[in-house]
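Here are the chains, one letter per residue:
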Amino acid sequence: QVQLVESGGGLVQPGGSLRLSCAASGTVFSVNVMSWYRQAPGEQRELVATSDSDGGTDYADSVKGRFTISRDNTKNTVYLQMNSLKPEDTAVYYCNADIAAYIDYRLRNYWGQGTQVTVSS
């Protein structure tokens, strides 16, 4: 069984920083694309940043220059460094990944449980 476990959310003042982590655990054979999404109250879930297995990255326009996605493939972990946070960044942040498990080596898409980020003074 495969799980994505997130950590690092919390309350931060505008202009502050937070670092989110998401680790894939269980019977993981390989991890392909890893991404962060977010969903604010009353809004649709949106893609924030994505990282492929070769190190390529992409960002939503709203976070370019402020957020950085990175990964440690030896730990099957993806990070989201969030700087210069704004109140509009307040949302539940979800980790998403395409993972092949030892059971059959087929890629499947997984979601983490979500972690709350609140930017407020």
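Cut-offs and rules
- One numbering rule holds for all chains: residues counted from 1, following each sequence as written.
- Restriction of local features to residues with pLDDT of at least 70 applies here, the model being predicted, together with a cutoff of 80 or more for giving and counting side-chain atom pairs; totals for whole chains, interfaces and linings are based on all residues.
- To obtain the side-chain values, all non-hydrogen atoms of the structure were used and water was disregarded.
- By the criteria applied, helices consist of DSSP H or I runs no shorter than four residues and strands consist of E runs no shorter than two, each listed in order from the N terminus.
- Exposed residues in this analysis have more than 50% of their type's maximum accessible area, buried residues have under 20%, and partly exposed residues fall in between, with area computed by a 1.4 Å probe over protein chains only.
- The term polar contact refers here to a pair of N or O atoms within 3.5 Å; inside protein, the definition further demands a hydrogen-donor-capable atom paired with an acceptor-capable atom, and it admits residues adjacent in sequence only when both atoms are side-chain atoms.
- Buried Ala, Val, Leu, Ile, Met, Phe, Trp, Tyr and Cys residues that are joined via side-chain atoms within 4.5 Å together make up what is termed a nonpolar core.
- Between two residues, a contact is recorded if the distance between any of their heavy atoms is within 4.5 Å.

S.K.: What is the right way to read the environment of D61 from this model?
M.R.: Structurally, the position occupied by D61 is in the loop between β6 (57–59) and β7 (67–72). Given the relative accessible area of 66%, D61 is considered exposed. Sequence separation between D61 and S25 is 36 residues, and the spatial gap between their C-alpha atoms is 31 Å. Within the structure, the side chain of D61 is placed 3.2 Å from the side chain of K64, a separation counted as a polar contact.

S.K.: Teacher, can you tell me more about the nonpolar core here?
M.R.: Across soluble globular proteins, you tend to see nonpolar side chains buried next to one another. Among the nonpolar cores identified, the biggest contains 31 residues, and W36, L80, M82, Y93 and I99 are the most heavily contacted of them. A total of six residues in this core trace back to one element, the largest contributor, which is strand β9 (residues 91–101). Residues within four places of M82 in sequence aside, it is in contact with G16, S17, L18, L20, R66, F67, Y93 and V117.

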